[in-house]
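# Observations on the three-dimensional arrangement
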Amino acid sequence: MRVGMGYDVHKLTDGRKLILGGVEIPCEKGLLGHSDADVLVHAVMDALLGAAALGDIGKHFPDTDPEYEGISSIRLLEHVGKLLEEKGYVIENIDATIIAQRPKMLPYIENMRKNMSEALKIEADQINVKATTEEGLGFTGQGQGISSHAICAVEKYMNFSSFDVTGDMPACRGCCGQNPKGEKGL
C-alpha cells in the first residue's frame, strides 16, 4: 500500500463562483485560480498523484497552459484517475478536510463525495469529506481564503494470472503457521 498527501489553498475574491468537490456553493465570493480553483479536488489530486509518485497537479495541468483556464477540476480528477489506472494503481480510500470559516459545508458534502467517486470510478464510501473552521484565526478564519488537506491510500494492482491458483502451491516456508501441503517449513 502507498499513501499520498495533498494540500491546496486559494484566495477568496469577488466575481467568482465557489466550487468545492465539483459542487457550486452559494456564496458572495469564489476562489481565485486558473481553473475553477476547487481546493478540495486539487488536494485530492495531489494526494493521488503523490501516492503513485507521479508528481503534482502543476506538472500535469500547469496554470500557464490556456487549455486549463476555467476548466472543471472534476474533469482534471477524471484524468488523474486514468493516470493511476494506467500505472496499475487502485484507490483504497481518500480522506479530505476543507478548512473554511464559511459557508457551512455540511449540506454539500454528500454531493462532493458523489462527484469525486464518479470521476474516479470508485464507491462513494471510499471517500470521506469533512469541514472545519479555524475559529476566526489565520487567513481562512478571517475569510480571506479556503484550504483543503487530503490523504489517500492506493494499492498496486498485481497480475496473478501467471499463477495457477487451482493447482499445486509452492512449499510454505512456515512463516504463517500454515502449510497447504502439510510439509515442514524451511
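One can find the structure itself at the top, above this paragraph.
What counts as what
- Residues numbered from 1 in each chain as written.
- Predicted model: local features only at pLDDT ≥ 70, side-chain atom pairs only at ≥ 80, totals over all residues.
- Heavy atoms only, no water.
- Patch = residues over 30% accessible without salt bridge, like charges linked within 9 Å, V, L, I, M, F, W, Y side chains within 5 Å.
- Areas by Shrake-Rupley, 256 points an atom, 1.4 Å probe, with all protein chains shown as cover.
- Salt bridge = Lys/Arg side-chain N within 4 Å of Asp/Glu carboxyl O.
- Lys, Arg positive; Asp, Glu negative; His and termini not counted.
- Charge placed at Lys NZ, Arg CZ, Asp CG, Glu CD.
- Helix = DSSP H or I, 4+ residues; strand = E, 2+ residues; numbered from the N terminus.
- Buried < 20%, exposed > 50% of the residue type's maximum accessible area, 1.4 Å probe, protein only.
- Axes fitted to C-alpha atoms, helices over the stretch in contact; angles between N-to-C directions.
- Parallel < 35°, antiparallel > 145°, perpendicular 65-115°, else oblique.
- Left-handed = near helix turned anticlockwise from the far one by under 90°.
- Contact = heavy atoms within 4.5 Å.

## Here's the deal with a positive patch on the surface
Together, Arg 2, Lys 59, Lys 87 and Lys 156 give the surface a local cluster of positive charge. With respect to the helices and strands, Lys 87 occurs in the loop between α3 (73-86) and β5 (89-99). Among the residues examined, Lys 87 registers a relative accessible area of 46% and is labelled partly exposed.

## Focus: the packing of α3 against helix α4 (residues 109-120)
One can describe the packing of α3 onto α4 by two numbers: an axis separation of 8 Å at closest approach and a directional angle of 40°. Overall, the two elements α3 and α4 adopt an arrangement that is oblique. Crossing handedness for the pair α3 and α4: right-handed. Taken together, the residues of α4 that come into contact with α3 (itself represented by Ile 74, Leu 77, Glu 78 and Gly 81) are Asn 115, Met 116, Ala 119 and Leu 120.

## Notes on the pattern of salt bridges
Scanning all chains against the criterion turns up 5 salt bridges. Two residues, Glu 28 and Arg 102, come together in a salt bridge whose shortest N-O distance is 2.8 Å. Residue Glu 28 is found in the loop between β3 (23-25) and β4 (30-31), and its partner Arg 102 is found in the loop between β5 and α4; the two are separated by 74 residues along the sequence. Lys 114 is the partner of Glu 118 in a salt bridge, and the nearest nitrogen-oxygen pair spans 3.2 Å. Taken together, the residues Glu 118 and Lys 114, both in helix α4 and 4 residues apart, mark about one turn of the helix. When its relative accessible area of 43% is taken as the criterion, Lys 114 is described as partly exposed.

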